[in-house]
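Listed below, chain by chain, are the residues.
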Amino acid sequence: MSDDCCAVNLTPDETPKTVEMSFALKTGTGLCPACRTKGKKVDTITVKAMLNASLRDISPTGQYYFCKTPDCATVYFFADGSHSFTKDQLREPVHQKEPAAETVPVCYCFGHTPASIRAEIEATGESTVVDDVNTGIKAGQCACEVRNPQGSCCLGNVRAVMKEITQAQEMKTPA
Ligand SMILES: [Zn+2]
């Protein structure tokens, strides 16, 4: 046996590259390839549910991320940056991408929009939207992973919309 036979099998470049690649496939940088902002991990089932294009472009394994930057058209991107999906390729308009659109849902399971939240606050001075969403969650009626483009519960976004509307009202009506 000579040293040469081992050298042939070693291919020193291969191992580190493979490890690096599979690491990138699993986690990636998490940075949106379009706006370079850190995305939020999202289950592949959410991407599958949201796309209006053929699912043949979907990678069945690996991590997808959700980009919530308002002025970035990319909604989902794959961990290794090899492909991404823009808002035009989705079945639903995305609340985070249309922050000024009053009729784009903020709660996708129970159909609350900034307009409906505002209408209730203007009519009654308060909002029951959080209670309604919580009641739905407790009843097992929510399906955030397949209805909400961000793939998770909407309550944080709902509270942010409520706060914005309430603050705008307070500025209009001096105490
Ligand atoms: Zn982005």
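For the structure given in this document, a descriptive report is provided here. (Residues numbered from 1 in each chain as written. Predicted model: local features only at pLDDT ≥ 70, side-chain atom pairs only at ≥ 80, totals over all residues.)

Topic: the overall build of the chain
Helices and strands together make up the secondary structure of the chain, namely seven helices and four strands. What you see in the chain, going N to C, is helices and strands ordered as α-α-β-α-β-β-β-α-α-α-α. The buried share among the 175 residues of the chain stands at 23%. Considering only residue pairs separated by 6 or more positions, the chain has 59% of its internal contacts joining residues 24 or more positions apart. (Helix = DSSP H or I, 4+ residues; strand = E, 2+ residues; numbered from the N terminus. Buried ≥ 20, exposed ≤ 12 C-beta atoms within 10 Å, placed from the backbone. Contact = placed C-beta atoms within 7 Å.)

Concerning unusual backbone geometry
One non-glycine residue, Arg-36, lies in the positive phi region at around 65°. One can find Arg-36 in the loop between helix H2 (14-26) and strand E1 (40-42).

A few points about the sheet that holds strand E3 (residues 74-78)
Each strand in a sheet pairs with another by means of backbone hydrogen bonds, the pair being arranged parallel or else antiparallel. With antiparallel pairing, four strands are arranged side by side in an open sheet as E1-E2-E3-E4. In the strand order of this sheet, the two ends are held by E1 and strand E4 (84-86), each with one partner. Between one strand axis and the next, the sheet turns through 30° on average, direction left out of account. Here strand E2 (residues 64-66) runs beside E3; their pairing, made up of three bridges, is antiparallel. Paired with Phe-66 across the two strands is Tyr-76, which belongs to E3. (Pairing = 2+ DSSP bridges. Axes fitted to C-alpha atoms, helices over the stretch in contact; angles between N-to-C directions.)

Looking at the nonpolar core
Counting residues in hydrophobic clusters, the biggest one holds 15 residues, and the most contacted among them are Tyr-65 and Tyr-76. Apart from the residues lying within four places of it in its own chain, the contact partners of Tyr-65 are Gly-30, Gly-39, Lys-40, Lys-41, Val-42, Tyr-76, Phe-77 and Ala-79. Counting ten residues, the second-largest nonpolar core is a separate cluster that includes Val-106, Val-129, Val-133 and Val-158. (Core = buried A, V, L, I, M, F, W, Y, C linked by C-beta atoms within 7 Å.)

Some words on the packing of helix H5 (residues 129-138) against helix H7 (residues 155-172)
Packing of H5 against H7 leaves a shortest axis separation of 10 Å and a crossing angle of 170°. One way to sum up the angle between H5 and H7 is to call them roughly antiparallel. Taking contact as the criterion, the partners of Val-129, Val-130 and Val-133 in H5 are, on H7, Leu-155, Val-158, Arg-159 and Met-162. Classifying every residue of the contact of H5 with H7 by side-chain character gives six nonpolar, no polar and one charged. (Parallel < 35°, antiparallel > 145°, perpendicular 65-115°, else oblique. Nonpolar A, V, L, I, M, F, W, Y, C, P; charged D, E, K, R; others polar.)

Describing the packing of helix H4 (residues 114-124) against H7
Running from N to C, H4 and H7 cross one another at 45°; their axes reach a closest spacing of 10 Å. Classified by the angle their axes make, H4 and H7 are oblique. When you trace H4 past H7, the crossing you get is right-handed. For the pair H4 and H7, the contacting residues are Pro-114, Ile-117, Arg-118 and Ile-121 in the first and Val-161, Met-162, Ile-165, Thr-166 and Gln-169 in the second. Classifying every residue of the contact of H4 with H7 gives six nonpolar, two polar and one charged. (Left-handed = near helix turned anticlockwise from the far one by under 90°.)

A few points about the environment of Phe-66
Locating Phe-66 in the fold gives a position in strand E2. Put simply, Phe-66 and Phe-77 are eleven residues apart on the chain and 6.7 Å apart in space, counted from C-alpha to C-alpha. Residues in contact with Phe-66, not counting those within four places in the same chain, are Gly-39, Lys-40, Val-42, Val-75, Tyr-76, Gln-150 and Gly-151.

Honestly, it's all geometry; don't read function into it.
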